[in-house]
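Geometric and topological summary
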Amino acid sequence: MRTLKLAPSILSADFASLGEEIAAVEKGGADLIHVDVMDGHFVPAITIGPLVVEAARASTKLPLDVHLMIEHPDRFIEAFAKAGADMISVQIEADVHLARTIARVKELGVQAGIVLNPATPLSLAEEMFKAVDFILLMSVNPGFAAQKFIPSVLDKITRLRAILDETNPECPIEVDGGVNLHNVQEVARAGASILVAGSAVFKTLDPEATARMFKAKLAEIEL
Ligand code: DX5
Ligand code: ZN
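Cut-off values and rules
- Residues numbered from 1 in each chain as written.
- Chains lettered and ligands numbered in written order.
- Predicted model: local features only at pLDDT ≥ 70, side-chain atom pairs only at ≥ 80, totals over all residues.
- Heavy atoms only, no water.
- Pairing = 2+ DSSP bridges.
- Helix = DSSP H or I, 4+ residues; strand = E, 2+ residues; numbered from the N terminus.
- Axes fitted to C-alpha atoms, helices over the stretch in contact; angles between N-to-C directions.
- Expected span 1.5 Å × (residues − 1).
- Buried < 20%, exposed > 50% of the residue type's maximum accessible area, 1.4 Å probe, protein only.
- Arc of directions from axis to C-beta.
- Contact = heavy atoms within 4.5 Å.
- Salt bridge = Lys/Arg side-chain N within 4 Å of Asp/Glu carboxyl O.
- Donors = N, O, S within 2.8 Å, 3.2 Å for Na, K, Ca; no water.
- Tetrahedral: all angles 85-135°; square planar, octahedral: opposite > 155°, others 65-115°.
- Polar contact = N/O pair within 3.5 Å; in protein donor to acceptor, adjacent residues only side chain to side chain.

1. Re the sheet that holds strand β5 (residues 111-116)
Reading across the sheet, the eight strands line up as β1-β8-β7-β6-β5-β4-β3-β2 and stay open at both edges, with parallel pairing between neighbours. Of all strands in the sheet, those with a lone pairing partner are β1 (5-8) and β2 (33-38), marking the two edges. Across this sheet, the average inter-strand angle for adjacent strands is 25 degrees, counted without regard to direction.

2. Here's the deal with helix α8 (residues 207-220)
Compared with an ideal rise of 1.5 Å per residue, which puts 14 residues at 20 Å, α8 spans 20 Å between its outermost C-alpha atoms and is within 8% of the ideal. All buried positions along α8 are accounted for by Pro207, Glu208, Thr210, Ala211, Phe214 and Leu218. Looking straight down α8, one finds that the buried residues subtend no more than 165 degrees of arc, so they occupy a single side. In α8, the exposed positions that point more than 90 degrees away from the buried face belong to Ala219 and Glu220. For α8, the elements touching its buried residues are β1, α1 (18-27), α6 (184-190), β8 (194-197) and α7 (199-202).

3. Remarks on the pattern of salt bridges
Across all of its chains, the model carries eight salt bridges by this definition. When the shortest N-O distance is used, the salt bridge between Glu78 and Lys82 registers 3.5 Å. Of the two residues, Glu78 and Lys82 are both situated in helix α3 (residues 77-83); the distance of four residues between them amounts to about one turn of the helix. The class of Lys82 is exposed, set by a relative accessible area of 69%.

4. Thoughts on the coordination of the zinc ion (ligand 2)
For the zinc ion (ligand 2), the full set of protein donor atoms is His34 (NE2), Asp36 (OD), His67 (ND1) and Asp176 (OD), and the range of their distances to it is 2.0 to 2.3 Å. Relative to the metal, the six donor atoms surrounding the zinc ion (ligand 2) lie at angles of 68 to 166 degrees, and the coordination shape comes out octahedral. Here the donor residues of the zinc ion (ligand 2) share one chain and are spaced in sequence as H-x1-D-x30-H-x108-D. Asp36 shares its class with His34; the two are buried.

5. A look at the side chain of His67
Here His67 is to be found in strand β3 (residues 64-69). Of the polar contacts made by the side chain of His67, one reaches the side chain of Gln91; its length is 2.9 Å. Dropping the residues within four chain positions of it, His67 is found in contact with His34, Val35, Asp36, Val37, Ser89, Gln91, Val115, Leu136, Met138 and Asp176.

6. Structural notes on unusual backbone geometry
Of note, the phi angle at His72 is positive, near 50 degrees, even though the residue is not glycine. Examined against the element boundaries, His72 turns out to sit in the loop between β3 and α3. Owing to a relative accessible area of 39%, His72 belongs among the partly exposed residues under this scheme. In this structure, Ala146 takes a positive phi of about 60 degrees despite not being glycine. Mapping Ala146 onto the fold places it in the loop between β6 (134-138) and α5 (153-167).

Encoded structure:
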């Protein structure tokens, strides 16, 4: 039986009341808080830095899941670890010394993950499957919230789950982009254990109630 976790992405939250937004989804049953870090280079937008992670850290006990969509992630992992990240993931397309970066994240006492864009083949990450604590598959091209889920990623999730069952069975698959109340069960059934949802949670009238609905959908499916 796989544990299914909901990770609301604060990218779609109201930053003027970030503490309240996080408290609402925590009350609704969120398991993690997903933090999207963008640098204006790897992706066009600039978003969150360590200061915001520190502020989020002070407002919740939930684990902070920091997704680095930045070039040279190795230069910044220490700052995000110090700011209070519990999980840090790096895009494999942005780091030519991935093994070293992942080892460094672990040395800092933080769970280490790798992220693959929709067009990046699983085979490119093969050497890292045993070294990581989790793997994030992007189901949109990173850079913006509220994009449409790319359906071909469902098969990629299933293929990765089968590989991990052989190589690193405890390693969860996280899926990020376009996840909503309508497709969350399908994504979980395909093999995802950590479901990221940004706009589908925070762009609703009552993020707390929406988080609760997501959790109910996840609880409905036995795996
Ligand atoms: C995309 C980010 C996602 C995004 C998800 O670049 O990595 O985490 O915020 O937003 P939704 O759930 O709205 O697609
Ligand atoms: Zn993300």
